[in-house]
Amino acid sequence: RAQLVKMEDRVQRAERGGESAREEAQRRAEVAEAEAAGLRDELRDKARLLREKESEVEGLQKHVGHLKVERDTTLDRLQRRESQEEHDKALLRKESEARRGAAA
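Structural notes, computed from the coordinates. (Residues numbered from 1 in each chain as written. Predicted model: local features only at pLDDT ≥ 70, side-chain atom pairs only at ≥ 80, totals over all residues. Heavy atoms only, no water.)

Here we come to the overall build of the chain. A tally of regular secondary structure across the chain gives 1 helix and 0 strands. On C-alpha atoms alone, the chain measures out to a radius of gyration of 44 Å, which is more than a quarter above the 13 Å that the 2.2 N^0.38 rule sets for 104 residues. Here the chain displays about 9,900 Å² of accessible surface, and carbon together with sulfur accounts for 54% of that area. (Helix = DSSP H or I, 4+ residues; strand = E, 2+ residues; numbered from the N terminus. Rg over C-alpha atoms; globule rule 2.2 N^0.38 Å. Areas by Shrake-Rupley, 256 points an atom, 1.4 Å probe, with all protein chains shown as cover.)

Structure below.
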């Protein structure tokens, strides 16, 4: 009789232990699922931010391209103006020398 009681007690403890293990496993699964959902949300937010930054970079690259074209155009105009000024100065020197030669 005493052995039977001990056996029943062991069975009950084992059942309680099994339930406790199942409950613990369920709790861990729920925690893992919640963590995974949080990570998915974080990843989605970071992907959105990355797309926004990529778009911003594209816009800045276009702007830089326009500025480079504007700079190159301005430099070309400046070089042409300087060339024209040099040409004009040379013509004035020749005219001045021709006048001096004619006056002498």
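Attention shifts here to a negative patch on the surface. Residues Glu-82, Glu-85, Glu-86 and Asp-88 make up a contiguous surface patch of negative charge. Its location among the elements puts Glu-86 in helix H1 (residues 2-103). (Patch = residues over 30% accessible without salt bridge, like charges linked within 9 Å, V, L, I, M, F, W, Y side chains within 5 Å. Salt bridge = Lys/Arg side-chain N within 4 Å of Asp/Glu carboxyl O. Lys, Arg positive; Asp, Glu negative; His and termini not counted. Charge placed at Lys NZ, Arg CZ, Asp CG, Glu CD.)

A few words on the environment of Arg-71. When you line up the elements, Arg-71 lands in helix H1. Remark: the alpha-carbon pair of Arg-71 and Val-5, spanning 66 residues in sequence, is separated by 97 Å. Of note is the side chain of Arg-71, whose polar atom sits 3.0 Å from the side chain of Asp-72. (Polar contact = N/O pair within 3.5 Å; in protein donor to acceptor, adjacent residues only side chain to side chain.)

Another aspect to go through is the pattern of salt bridges. Evaluated as defined, the whole model comprises 8 salt bridges. Arg-71 is the partner of Asp-72 in a salt bridge, and the nearest nitrogen-oxygen pair spans 3.0 Å. When salt bridges with common partners are traced through the structure, they connect Glu-24, Arg-27 and Arg-28 into a single cluster.

This next bit is on the environment of Gln-84. With respect to the element layout, Gln-84 can be found in helix H1. Linking Gln-84 and Ala-32, residues 52 residues apart in sequence, is a C-alpha distance of 77 Å.

What follows covers the environment of Arg-100. Of note, Arg-100 is situated in helix H1. A relative accessible area of 58% places Arg-100 in the exposed class. For Arg-100 and Glu-42, which are 58 residues apart along the polypeptide, the C-alpha to C-alpha distance reads 85 Å. (Buried < 20%, exposed > 50% of the residue type's maximum accessible area, 1.4 Å probe, protein only.)

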